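Residues per chain, in single letters:
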Amino acid sequence: MNDEFSIIAQFLESLGPEVSGHSATPLTEEQVDLIKQFADGKLEDSKRDELLPELLGNEKALHELVSLLQAKS
């Protein structure tokens, strides 16, 4: 699982300032919960596969994930 977070972190770093051009749709409670489960490594594979495109397309979702991961370090 740590390898997956490493890959995601590298990908997010490569996005740089371009991320700000992505959608900034507010997150629902369900989305926040899924992001928390993902950051904890407790999200099942099928849900994770559904969540990843959403994370990459929503600036607020990315910020939520990064914040959660930073809090764990």
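Each remark here, short or long, concerns the structure printed above.
Before going into details, it helps to say that this report is about the structure given with it. Just so it is clear, the structure is predicted and the values come from calculations on it, not from any experiment.

Rules of the game
Residues numbered from 1 in each chain as written. Predicted model: local features only at pLDDT ≥ 70, side-chain atom pairs only at ≥ 80, totals over all residues. Heavy atoms only, no water. Axes fitted to C-alpha atoms, helices over the stretch in contact; angles between N-to-C directions. Helix = DSSP H or I, 4+ residues; strand = E, 2+ residues; numbered from the N terminus. Parallel < 35°, antiparallel > 145°, perpendicular 65-115°, else oblique. Contact = heavy atoms within 4.5 Å. Nonpolar A, V, L, I, M, F, W, Y, C, P; charged D, E, K, R; others polar. Expected span 1.5 Å × (residues − 1). Bend = angle between axes of the 7 residues up to and from the residue. Buried < 20%, exposed > 50% of the residue type's maximum accessible area, 1.4 Å probe, protein only.

1. Notes on the packing of helix α3 (residues 45-57) against helix α4 (residues 59-72)
The description of two packed helices rests on the angle between their axes and on the distance between the axes.
Now for step 1: Across the interface, α3 lies against α4 with an axial gap of 5 Å and an inter-helix angle of 105 degrees. When the axes of α3 and α4 are compared, the pair comes out roughly perpendicular. For the pair α3 and α4, the contacting residues are E54, L55, L56 and G57 in the first and E59, A61, L62 and L65 in the second.
Now for step 2: Taken together, the residues of the contact of α3 with α4 sort by class into 5 nonpolar, 1 polar and 2 charged.

2. A closer look at α3
Since the α-helix packs 3.6 residues into each turn, any two residues three or four apart lie on the same face.
Now for step 1: Here α3 is 13 residues long and its end C-alpha atoms lie 19 Å apart, about the 18 Å a rise of 1.5 Å per residue gives.
Now for step 2: The sharpest bend along α3 reaches about 25 degrees and sits at L51, with the proline P53 one to four residues further on.
Now for step 3: R48, L51 and L55 are the residues of α3 that are buried.

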